[in-house]
Each structure stands twice: as structure tokens, then as C-alpha cells.
Amino acid sequence: MKKEFTPRITSFLCKWCSYTGADLAGTARLQYPTSIIPIQVMCSSRVDPVFLIKAFLNGSDGVLIGGCHPGDCHYETGNYHARRRFAIVKSVFDSLGLESKRLKLSWISASEGPKFARVANEYTEEIMKLGENPTRKSIFL
Amino acid sequence: MSSIIIDTSASRKVRELLRFLLESGKIDAAVTMRKIPEDSSYDLALITDASNLDEAVPIVPVMTVNAGQVLSSISTSGKKIAVVLKPCELRAFVELVKREQGSFENLLTISHTCGGVFPLDLVAAGKIEELLPKYEKIISKGEVPANTRDTCRACEHFIPMNADITVAVAGDCESGKGCVMYLNTDKAEEYAEGFSGERGELKFDPSALKKMLDARLLEKEKLFASITEDGPGLDRLLDTFGKCIGCHGCNSVCPICYCLLCDFESANFDYNLPYFEEHLSRRAALRLPPDTIFFHLGRLTHMSFSCVGCGMCSDVCPVGIPVAAVFRKTGEKTAALFDYVPGRDVEESIPVMVYKEEEFSDIG
Amino acid sequence: MTDSERKGAVLPAAKEPGDAVLDFLRLVMEKKLADAVILPLKVPSGDSYAWILMNDISLLDDAVPIAATMPVHGAKALRSLTRKGPGNLTVIAVMRPCEIRAAMELEKLGQVHPDNLILATYDCPGAVQLQKYVDDPAGSEKLFTEMMQKGKPDDSAKPVCHYCENFSMFDSDIHFGHLGLSDKEMFVIPGSSKGSKFLEELGLTPAVDLSAWEEGIDKLKTDRKKARKSAFEETGVQLRGIDGLLSVFANCIGCHNCQSACPICYCRLCYFDSETAEQNPDALIIAAEKRGGISLPEDRILFHTGRMAHMSLSCVSCGQCSDACPVSIPVAGVFSYIADQTQRTFEYIAGRNDGDPLPLRQFRKSELPGVHELVKDADAEVSSHE
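None of the values given here were measured: they were computed from a predicted structure.

### Structural notes on the packing of aromatic side chains
All names here are of chain B.
For step 1, the next point in the chain: With the rule as written, the count across this model stands at 23 aromatic pairs over all chains.
For step 2, the next point in the chain: Ring geometry for phenylalanine 338 and phenylalanine 360: centres 5.7 Å apart, planes at 80°, overall edge-to-face. Of this pair, phenylalanine 338 sits in the segment after helix 14 (323-336) while phenylalanine 360 is found in the segment after helix 14, placing the two residues 22 residues apart along the sequence. Taken as a pair, phenylalanine 338 and phenylalanine 360 share a single burial class, namely buried.

Encoded structure:
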């Protein structure tokens, strides 16, 4: 029997917004898939582009960054910088024909438990459609 | 702004200018390419004594090192220095100044319309002398020499941006004679005051180089297509970079990569044995040393938007990976996100240092 | 173990010597005597090899244990795996003698921890130059097969291979010897107590006399010694004086590829790339004023001579530096020549795994006559900082 594919989505979540949002989703008993592997960061701008790449090449089926909505950054402007860096990584992936759909940036505030659950569900579904990341088994990386 | 008609070869005229500037004490030093006759080799030189200028070949299609990179170590000496740069070297230096790795304050920048440079293996083989006459003939006709670096043939920025002095050698003069030197700035006028040569009021006309631009754009299209020709994606990436030996030569000759210790050489990416065990448990195999693709993808995100396409990286690659072509192609995309042209304007911030509140509405 | 006592076991080889190595490794993995194997595998583009750490026995089918060229030095692969400690994984690696020798040097430098490594070598005929291989993989493979048969390098091989005397067994745990045997056979010879034990567990008894193989090796060594002498004489003339040095390195662009490809140069940040070595702008101008002009980037000769001083005692003459040089400077020839002299000064042979510490980590109170004024009546005992 073929084992059902359970994606792994490495998720860098900002401590002030998205991580708290994920907590809220939990305490509100909202269902979201176990595919989300949360890593708390102090700000979405802490996520160096190489974090995304390393997670992608290590075989994460998806990589998610969760940050505060534009204008709401705990450090005022961190998420604007995060957005630019994310745009660069996405563009690098696109220009080389790598699956940039495996990378996602989402704004989720501390009060948006339902949004967190929705993003987690929708993104997991999207990744399920893409299937397993080919980097997971590649030996020449 | 005035212009000076060149009555000899362009390279010789620039050498005369450097001599004039050094002898008149207007500058303390000059940076120019130099030919070492006994070894039939070339180097970049910092010259303080005018008598040492005899071997200088300011305009020569050879780039042993990106002069912009070297300039960052001398531009802040407080001395007045005239530098002869190829357009991409000047652009690289602009990018470095933005990163606080140099200053234009005491520099007089002299650049020229560029026909491209020969790969280093031709330089090492001592072939330049033999190739020069044909090269000069081709670029004077505004055509693209075939045996230059691939990124040179595909370079549309062969007209210097922001040089104090522009020497027009490509397209509008025969065999380097009858070329024009354009003084673009007050600084240039001031330095060149008293220098011999017939003055005029000519304005640089880029339209004379339309033919060259069109040919290069066509080459660019071909070059970029070659990067993904057997289909894009991970397999293609492994095909291209799979033979990388991890020497990081591309990084060390890159004028933009100024970090003393690159992130990818740092302790951040040293692994202990459990890392390898974990990988073995699911990959069945992995490469040693690891992180080959990671290095190149990482560098693409770190610096590609500032890539000036000088081609040094491809030239030093021991296994012939077309590093420069990949970085140019991707760099054009990443720079376009921010309507950014590397080296265009020293006042323009690098894209990752600034932001706009309203942008990338499709992200997030 | 003296040479005359040395015995080996014979392994059958299906088509070429490498097949015997693969069968041996299959047996190792089947008997679970190692957790993983390190071997070269062709890269996807087919024009080079990469070191692959594998525990899937089916991958051995694609592996090429005796590869025609050496893109990445094996000691670098071993270093990336064990730099932080030996761990619990038992790994067997088959590499060229110069790769294992560099690994031994790196062990002395604390960069390789071979405790759980089984290191195997083979009779190396030389390695095809990397650029030549990449330009013509199929042709190079053919040339290499001939090199293997003759045991000798040809013109496509790295110049240093032509005069390498340490091309065979050299303090590895296990050695595969094919010289003196037909293509269908391979000797497997234990080289350490670890290796003997390993072969014993594998059920291989080294009982065959090796004199034919040893004679073959000795004959080649004599040829190589001659070639070495004449190569060094030539290099010595080329390098004569500062003009010689400048001429040999005239095309150097300062990329430091030689250093980064070098298995011994393990420093994360080379001294010559560091801020300490960086000249400040004023010093550069002053240096230029003294001479009327200087070449940029500065200090290229300082870099090469400095590197000779820093690492030539451990240089194994693998030739990686020349392979990585974008302007075809014979770096390896120069470093091999220098290493021969510096190592001779201390009667040291890089890569020798005899418990002797690095020459610069020990001293005798009275030594190196001719280098300095000798201390009278000093006792000759060894002091060490180990």
C-alpha cells in the first residue's frame, strides 16, 4: 500500500503576530494540519533568504513565513524588509524554474486565529497538489 | 561640457592624459591596465610615477580583476587618483560605494565604450596581441567580437554610466583613430584643463551604437535562453551546478561579494555527524562536502540584483560552469522587481536596504 | 609490518580493477561492517564526479571507485563529515593515496577525526587534469583506462602525478593493489591493525605472497624518482630569484582558488584574506610611491610565498591547486618543489601516519645545523607541544 503523502511545511512565524495567531487557533480548538512545523522568530525580517533555501533544499515540501500585517510590525518596518527579501527569493526561484509555490509569505496578526487555520489548511492543500519536494531525495544537491 | 578629438589611438591618448595629470600634480596616482612585455601578461597597476606609465594600456580588452573591486581598497586614501575603468567595473564600484566599501570623492573616473573583454584563458595563453587588430576592427564597425566573454557579448550596458570622462572607442571611429573623449562633469573639465588636443562641443550620441546594442540584445536573448534550454527546474540546476567543486572562486572574484567571510564559508554551515545521519536515513546518499546548490542559490538571493555582468565568475570557474550567465539572467529579474539597475546611480539605495509601504500587493 | 611479511588476499574483478573494489564494498555493506560508503559518482551532467556518502547498496552500481579525475579532494569530503568529531557512523572510503595522506595531515591539524573511518587506497596511475576531463569526459575515460593498465600517467594527467612516489600503499587501513596482476584480479592488503581486523571480520585471509606486486611498485618508483629529480631541477631554475618567482606567477589574478582547492588549507578565513593582511589605502599609495607603481591586487607574491611557509610541510602534491587555477599557473609544481625541500629539512613526509606530530609542533634543543648557531652540549631529546 502506498503511504499517504503528509507534507512538511517549515513555518517561520513572527513571535508577535503569526506565532500568537497560531496559538490562538490552538486555544480556540480550530483544526489545522500537522504539516505545519512552526519555528518562532522574533520578526519576519529575521528570516534570511538562505533560511528559505536551506529548508527547501533539505526537503521541506513548503516553506511559510508568517509576519505582522504591513504597518503593524512590532519593530515598525521589519515586515516591509521581509517582503522585499521574499520577493527576491521568489524571483530567483522563478527565473530558474524552481517551484516558487513551495514558498509562501502570509500576514497573520495575533488576533487572527481563524486566518492562521485557514492559511495552514489552504497551503497544505496546495502543497498536497504539488506533491513531495524532489529535493527530499536528491543526492547531488 | 567639452570634448577632445583624439588624434592617436584612444588608449595612447588616455595614457597621455594620465601622464599629464600625474606630471602636473593634479593627481597623486593613476589606476590603469598595464602590459608586462617580458611575460606577455597584463595586470592592473597603481602608478604614482609618470615614467612608469610607458607600459600602461588604459584601454585593452582584458580584465584580470574587476577594477571596481580593487578600487575599494584604495579609494579612501585621501589622495587624488585617476582610474580607467570598463563600464561594468565602474558600475561595480558604484555598488560597492553604496555598501560603504569605497568613495568617489577623490577619484577622477575615466571610462570608455566597451567592446567586451577576452576570457582569461586567452590572456594566460598570451593570445591577446594577436587578437587585438581584428577585435579593434570589429568594434569600430559597431559589431560584437565573437571570442569575448559570453556576458560581454550579451551586455547592453557598454556605454559608461556616470564616468567623469567617456572615451568613445566603439562604433564611431576607425581603428581607434579619430575617437572622441567627452568630458562629462565639472570635475573632468577642471582636471583636463591644459591637456592638449583639439577641443569641441561634441555631445556623446548613443544612437551611433544602436547596431551594437541590437546585436548585444540578441546575444542576451540567446544566452538567457541557453540557461534553461533543456527545461527549467531542479534537474536543470543540478545539470548546471552539479560539477561545482566548491572552490568559491566565483565568489572571491565577484566585485559585489565584498564580505570578508562569506556566510557560506562560516561556521553557520558546518554540520556535526547527526546531520549526515539524518540525511542518510532518507536520501540514501548525499554529497560531500554538502551544500553545493545551496551556495549558488544563496548567493543569487544575496547579490544578484547588484550583478553587473562582468563575467569574472565564469572566467575563474575551473570546471566551466556558466556562472555569469545564470547570475545575469536571474539578476536582471531580481533587479527588475525594484526597477533597479546596478551601478546606475550612486544615490540610489540597494533594494534590500529600503522599502515602499505600497508594493508587492500580491505577496502576503 | 615489514614488506617481506606483507601478505594479501586476491579478489576477482569482473571486467576492470574497480569492479573488485565494488564487490568488496558490497560484501562490507551486506555484512554490515560499515554504515556507509564514500565513493565518487558521476554528476548528472556526466562530465565530472562528486564524492557521495551512501548507505544504499544499489547506488554502488553507479559508483566509480577509481575515478579518472579528482574534482574535489577526498580529504575535503572526509573533513566535512568528521570535522566536528568522529560520531557513531562507521564509514569506509576509497580514495587516492594523496587524498588519504592529506586526511592524515588534517587529522594532525584536528580537522579530520578518522576514528570510525576505514580508509582504503589503490595503486594510483595519476589523475586526469580536471579541465581536460570536463572538456572530453569520454576521451579522458579511455586514456585513464590505459593509464590504469600501465600504472603510469600520460599527458592528460596532472604534471605532479608524473613524479609522485607515493602512488601506492601509504598508511591506509586497506589497500587495493592491481599492479603485477591481471585485469581480472585485485590484491586486497591490510595496512593497519584496524584494516587487518576488518578483513578478518569480512572473512578474507591475507595469505598470498605479494612479491610480484611489490616488484612492480618498486620499478615504477624508480622511474618516478628520476622524473621527480628532473622536474625539480627544471622548477628550481624557473623559480630562481625574485624575477623567477614573478615570472612564474605573472598571470596570477589573486583569486586564491589554489588555496581554496587545497586540502591542507583548512582555515575558514585565510590569513591572506583577513583584515590583518589587508593593506590600508595609505600604505598602498606609499608602497606605490616607493616603486613608482605597484600591481593590483597587491601582495600576490606574498600570498604564494606565505602559503608556502604556512602549509608546504603538509603538502601532499595532489595537484588540486593547478587544476583550480584559471590562468594555468603551475602552482602544484612549485609547491611540490618547495614541499620537497621544507619536508626534507625536518625529515618529514606529509601524510605519514606514524604518530610523529607536525614538525612545527615539536622541537629538539639541538637541531637544524646550518640554519642557526648550534647550542653546545644541548641534549637531543624531543620536546613537544602535543
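### With respect to the nonpolar core
For step 1, the next point in the chain: With 235 residues, the main nonpolar core has Leu46(B), Leu297(B), Phe24(C), Ile38(C), Leu53(C), Met54(C) and Phe176(C) as its most contacted residues.
For step 2, the next point in the chain: Beyond its immediate sequence surroundings of up to four residues, Leu46(B) is in contact with Ala29(B), Ala30(B), Val31(B), Ile74(B), Leu284(C), Ile285(C), Ala288(C), Gly293(C), Ile294(C) and Leu296(C).
For step 3, the next point in the chain: The next biggest cluster of nonpolar side chains, apart from the first, holds 31 residues, and it includes Ala10(B), Leu18(B), Phe20(B) and Ala56(B).

### A closer look at helix 11 (residues 300-311) of chain C
For step 1, the next point in the chain: Relative to the 16 Å expected for 12 residues at 1.5 Å per residue, helix 11 of chain C spans 16 Å between its end C-alpha atoms, a close match to the ideal helical length.
For step 2, the next point in the chain: The complete set of buried residues in helix 11 of chain C reads Arg300(C), Phe303(C), His304(C), Gly306(C), Arg307(C), Met308(C) and Met311(C).
For step 3, the next point in the chain: Looking at the buried side of helix 11 of chain C, the elements it contacts are strand 3 (41-47) of chain B together with helix 9 (257-261), strand 9 (293-296), helix 12 (320-324) and helix 13 (331-345) of chain C.

### Considering the pattern of salt bridges
Residues and elements named next belong to chain C.
For step 1, the next point in the chain: Within this structure, the stated rule accounts for 38 salt bridges over all chains.
For step 2, the next point in the chain: For the salt bridge of lysine 219 with aspartate 223, the shortest nitrogen-to-oxygen distance reads 3.9 Å. Of the two residues, lysine 219 and aspartate 223 both sit in helix 7 (residues 211-238), 4 residues apart, roughly one turn of that helix.
For step 3, the next point in the chain: We classify lysine 219 as exposed; its relative accessible area is 55%.
For step 4, the next point in the chain: When salt bridges that share partners are traced, they join Glu165, Lys225, Arg228, Asp340 and Arg344 into one network.

### Regarding the interface of chain B and chain C
For step 1, the next point in the chain: Residue-level contacts link 57 residues of chain B with 62 residues of chain C.
For step 2, the next point in the chain: Taken together, the two surfaces of chain B and chain C that pack against each other cover about 4900 Å², and 62% of this comes from carbon and sulfur.
For step 3, the next point in the chain: The closest approach of N and O atoms between Asp270(B) and Arg83(C), which form a salt bridge, is 3.5 Å.
For step 4, the next point in the chain: Put simply, the parts of the chain that give the side of chain B that touches chain C at least two residues each are strand 2 (29-36), strand 3, helix 4 (120-124), helix 9 (234-241), helix 10 (249-253), helix 11 (273-283), strand 9 (285-288) and helix 13 (312-316) of chain B.

### Things to note about a nonpolar patch on the surface
For step 1, the next point in the chain: Nonpolar side chains collect at one region of the surface, where Trp16(A), Met42(A) and Tyr75(A) lie side by side and expose about 280 Å² of accessible area between them.
For step 2, the next point in the chain: The partly exposed category is assigned to Met42(A), whose relative accessible area is 42%.

### Some points on the state of the cysteines
Put plainly, two cysteines are in a disulfide when a covalent bond ties their sulfur atoms together.
For step 1, the next point in the chain: In total, this model carries 1 disulfide over all chains according to the counting rule given.
For step 2, the next point in the chain: In this model, Cys17(A) is linked to Cys68(A) through a disulfide, with the two sulfur atoms separated by 2.4 Å. What sets the handedness of the Cys17(A) and Cys68(A) disulfide is the S-S torsion sign, and at about 105° it is right-handed. Here Cys68(A) lies in the loop between strand 3 (62-67) and helix 3 (78-96) and Cys17(A) lies in the loop between strand 1 (9-14) and helix 1 (18-27), a separation of 51 residues in the sequence.
For step 3, the next point in the chain: Assessed through its relative accessible area of 3%, Cys68(A) is described here as buried.
For step 4, the next point in the chain: Left without a disulfide partner, Cys152(B) is nearest to the cysteine sulfur of Cys114(B), which lies 6.0 Å away.
For step 5, the next point in the chain: The cysteine Cys315(C) is free of any disulfide, with Cys321(C) supplying the nearest cysteine sulfur at 6.7 Å.

### Focus: the domain arrangement of chain B
Residue and element names in this part refer to chain B.
For step 1, the next point in the chain: Looking at chain B, the domain boundaries give domain 1 (3-199 + 211-219) and domain 2 (231-353).
For step 2, the next point in the chain: Contact with domain 1, which involves 26 residues of that partner, is made by 28 residues of domain 2.
For step 3, the next point in the chain: Together domain 1 and domain 2 conceal approximately 2200 Å² of surface at their shared face, both sides included; 56% is due to carbon and sulfur atoms.
For step 4, the next point in the chain: It is Lys98, Arg99 and Thr151 in domain 1 that bury the most area against domain 2; as a group they hold 27% of the surface buried on that side.

### Focus on the pairing of strand 4 (residues 81-85) of chain B
Residues and elements named next belong to chain B.
For step 1, the next point in the chain: Along strand 4, 5 of the 5 residues are buried, which leaves the element largely enclosed by surrounding structure.
For step 2, the next point in the chain: In terms of strand pairing, strand 4 meets strand 5 (residues 107-112) through 5 bridges, oriented parallel. Of the residues in strand 5, the one forming a bridge with alanine 82 is leucine 108.
For step 3, the next point in the chain: In the classification by handedness, the crossover that spans strand 4, the intervening helix 3 (residues 87-98) and the parallel strand 5 is right-handed.

### Examining the sheet that holds strand 4 (residues 91-94) of chain C
For step 1, the next point in the chain: Strand order in the open sheet made by the 9 strands is 9(B)-3(C)-2(C)-4(C)-5(C)-6(C)-7(C)-1(C)-8(C), with mixed pairing throughout. In this open sheet, the two edge strands, each paired with only one partner strand, are strand 9 of chain B together with strand 8 (208-209) of chain C.
For step 2, the next point in the chain: Here strand 2 (residues 36-42) of chain C pairs with strand 3 (residues 49-54) of chain C via 6 bridges, running antiparallel. Counterpart to Lys42(C) in the pairing with strand 3 of chain C is Tyr49(C).

Definitions and cut-offs
Residues numbered from 1 in each chain as written. Chains lettered and ligands numbered in written order. Predicted model: local features only at pLDDT ≥ 70, side-chain atom pairs only at ≥ 80, totals over all residues. Heavy atoms only, no water. Phe/Tyr/Trp six-rings, centres within 6.5 Å; stacked < 30°, edge-to-face > 60°. Helix = DSSP H or I, 4+ residues; strand = E, 2+ residues; numbered from the N terminus. Buried < 20%, exposed > 50% of the residue type's maximum accessible area, 1.4 Å probe, protein only. Core = buried A, V, L, I, M, F, W, Y, C linked by side-chain atoms within 4.5 Å. Contact = heavy atoms within 4.5 Å. Expected span 1.5 Å × (residues − 1). Salt bridge = Lys/Arg side-chain N within 4 Å of Asp/Glu carboxyl O. Buried area = accessible area lost by both parts, 1.4 Å probe. Patch = residues over 30% accessible without salt bridge, like charges linked within 9 Å, V, L, I, M, F, W, Y side chains within 5 Å. Areas by Shrake-Rupley, 256 points an atom, 1.4 Å probe, with all protein chains shown as cover. Disulfide = S-S within 2.5 Å. Domains from an automatic or database assignment. Pairing = 2+ DSSP bridges. Right-handed = clockwise from strand over helix to strand, strands pointing away.

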